[in-house]
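Letter by letter, the chains look like this.
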Amino acid sequence: MARYESKLQETCGDEEYDTLKENLYNGIEQAKSKCSQLSAFETIFKKYISTMEEKKKEPCCPLCHRQFNTLKEMQNLVDELKDKIRRVPEKMTAQKSGLERDEKNYEQLQKLRSVKDNLGEIEKTKLPSAKDKLSKVSQECEELQNKIEELEDVRLVIESEESRAGKIEPDLVMLEENQRSLKSLDKEITLLQAKMEGVAPGRSMQLVTNEISDCQDKVDGLNRVIERKRNQISQQESRLATLTSNVHELNSEKLRLSGELQRRSHLEEQKAELTAVNMEHEREVKEAKRQLEPVKGRLVELEKEHKSLFNEQQEHVEQTNSKKTKSIRGFN
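Note that the coordinates shown come from a computational prediction; the quantities given were computed from them, not determined experimentally.

Chemist: When you look at the overall build of the protein in this model, what are you seeing that I'm missing?
Modeler: The number of helices and strands found in the protein is 6 helices and 0 strands. Starting at the N terminus, the α and β elements of the protein follow one another as α-α-α-α-α-α. Scored against the burial criterion, the 332 residues of the protein give a buried share of 24%. Long-range contacts, defined here as pairs at least 24 residues apart, represent 83% of the contacts in the protein between residues at least 6 apart. Summed over its atoms, the accessible surface of the protein is roughly 23,200 Å², and 50% of this surface lies on carbon and sulfur atoms.

Structural data, given as structure tokens:
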């Protein structure tokens, strides 16, 4: 699209394509008409001069055949016509130069017709679609950025949970110590039960029974503590496994979002490149406008010359008609 716009701007500048084409066509027709008029004037003026020079003895107007009062009057008319003839080549050259330039520009415009049609098609169909797509991509990028921020918050929560899980390590150490104590108490209970048949000197059966009961209470208490710690460990391990799975999922999501961000970065780079290209096109358009100014000036100049020639022709016709009228009146 930028290439099409550049071609049109280079040729048309600020003017609309069809308007410039019509103006150039009219200018070409006017220039051709002026060239024909100049050629005809040159031939007619030469014929008038030849006629008057052949009839010096009886000088008269070659158009209305009115007799001149003096030979000098005829000579003045001859000099005037010769002066006009001398200016014809210069005017003809200027007209042909302008005509060639306008024909070249007109031909260039004809070649750009397909470019203009393609540009119109792009502006009607492809450009709105591209803008909608860019808008959707920008919206998706914003949504992805929000998701990344949310995942970062979740990651911080998971790290906090992992830190809390690490704090139960002292409890695990205590659990191992309690298990060792439990084994030791089990051995003592077994030893006491083996000695129940014979009580050691100085110790009664009731005392031994009480010691066994105390040991059993301690064992039961330790078993409850161990069971509770085991449950806590199991819960923490389950939670840790869940958090680890979440971390893996978050890492996968983060990788996916990173890919989306890279795509967004690529789109932003393309946008920057397109912006730079548009700026370059604007500069080229300004330069094309500047180059087109002489063409516009030339068109104005040609119009002035055409008007001048037309006025001269009208003046000559009026003078001729006036001379005819005077001649007729003099004849009467």
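So, next bit.
Chemist: Teacher, can you tell me more about the nonpolar core here?
Modeler: Most often, soluble globular proteins keep nonpolar side chains buried together rather than apart. Core analysis: the largest hydrophobic core is formed by 13 residues, its most contacted members being Phe45, Met52, Phe68 and Leu81. Sequence-distant contacts of Met52, that is, excluding residues within four places in its chain, are made with Cys60, Pro62, Phe68, Met74, Leu77, Val78 and Leu81. Of all hydrophobic cores here, the second largest spans 9 residues; its members include Leu185, Cys215, Leu222 and Ile233.

Chemist: Just checking my understanding: could you explain the confidence of the model for the protein for this structure?
Modeler: Keep in mind that low pLDDT regions are not for reading the predicted coordinates in detail. Counting all residues, the mean pLDDT for the protein is 75, and 77% of those residues have values of 70 or more. Ranking the helices and strands of the protein by mean pLDDT puts helix H3 (residues 71-111) first, with 83, and helix H1 (residues 2-12) last, with 50. Counting interchain partners and residues more than four positions distant, the pLDDT-below-50 stretch residues 1-5 has 13 contacts.

Chemist: When you look at the side chain of Gln95 in this model, what are you seeing that I'm missing?
Modeler: For Gln95, the location among the structural elements is in helix H3. For Gln95, the residues in contact, after removing those within four places along its chain, are Ala31, Lys34, Cys35, Leu38, Arg298, Leu302 and Glu305.

Chemist: Hey, could you run me through the pattern of salt bridges in this one?
Modeler: Close approach of charged atoms allows side chains with opposite charge to pair. Inspection of every chain in the model, using the stated rule, returns 8 salt bridges. Linking Asp83 and Arg86 is a salt bridge whose minimum nitrogen-to-oxygen distance equals 3.3 Å. Taken together, the residues Asp83 and Arg86, both in helix H3 and 3 residues apart, mark about one turn of the helix. Relative accessible area serves as the criterion here: at 56%, Arg86 is assigned to the exposed category. In this structure, the salt-bridge partner of Glu260 is Arg263, at a minimum N-O distance of 3.1 Å. Placement of the pair is Glu260 and Arg263 together in helix H6 (residues 205-331), with a separation of 3 residues, close to one helical turn. Among the residues examined, Glu260 registers a relative accessible area of 22% and is labelled partly exposed. It is possible to trace a salt-bridge network through shared partners that takes in Asp83, Arg86 and Arg87.

Chemist: Looking at this structure, I do not really get the UniProt feature "coiled-coil region" (unreviewed entry) in the protein. What am I missing?
Modeler: Per the UniProt record, "coiled-coil region" (unreviewed entry) is found at residues 64-91. Across residues 64-91, helical content stands at 75% and strand content at 0%; the span's end C-alpha atoms are separated by 28 Å.

Chemist: What am I meant to see in H3 here?
Modeler: The α-helix winds at 3.6 residues per turn, so residues separated by three or four positions along the chain end up facing the same way. Over its 41 residues, H3 extends 59 Å from the first C-alpha to the last, a length consistent with the 60 Å expected when each residue adds 1.5 Å. Most pronounced at Val88, the bend in H3 amounts to some 30 degrees, and the proline Pro89 follows within four residues.

Chemist: Looking at this structure, I do not really get the packing of aromatic side chains. What am I missing?
Modeler: The description of an aromatic ring pair uses the distance of the two centres, along with the angle that the planes make with each other. Within this structure, the stated rule accounts for 1 aromatic pair. Note on Phe41 and Phe45: the rings are 5.9 Å apart at their centroids and 10 degrees apart in plane angle, and the pair reads as stacked. Taken together, the residues Phe41 and Phe45, both in helix H2 (residues 17-54) and 4 residues apart, mark about one turn of the helix. A relative accessible area of 9% means that Phe45 is categorised as buried.

Chemist: Even after reading the chapter, I still don't get the environment of Ile189, so can you show me in this structure?
Modeler: Within the secondary structure layout, Ile189 lies in helix H5 (residues 169-194). Distance in space between the C-alpha atoms of Ile189 and Gln216 is 7.9 Å, their sequence separation being 27 residues. Filtering out sequence-adjacent residues up to four positions away, Ile189 remains in contact with Cys215, Gln216 and Val219.

Rules behind the numbers
Residues numbered from 1 in each chain as written. Predicted model: local features only at pLDDT ≥ 70, side-chain atom pairs only at ≥ 80, totals over all residues. Heavy atoms only, no water. Helix = DSSP H or I, 4+ residues; strand = E, 2+ residues; numbered from the N terminus. Buried < 20%, exposed > 50% of the residue type's maximum accessible area, 1.4 Å probe, protein only. Contact = heavy atoms within 4.5 Å. Areas by Shrake-Rupley, 256 points an atom, 1.4 Å probe, with all protein chains shown as cover. Core = buried A, V, L, I, M, F, W, Y, C linked by side-chain atoms within 4.5 Å. pLDDT = per-residue confidence, 0-100. Salt bridge = Lys/Arg side-chain N within 4 Å of Asp/Glu carboxyl O. UniProt positions renumbered as here; feature names shortened; annotations may be inferred. Expected span 1.5 Å × (residues − 1). Bend = angle between axes of the 7 residues up to and from the residue. Phe/Tyr/Trp six-rings, centres within 6.5 Å; stacked < 30°, edge-to-face > 60°.

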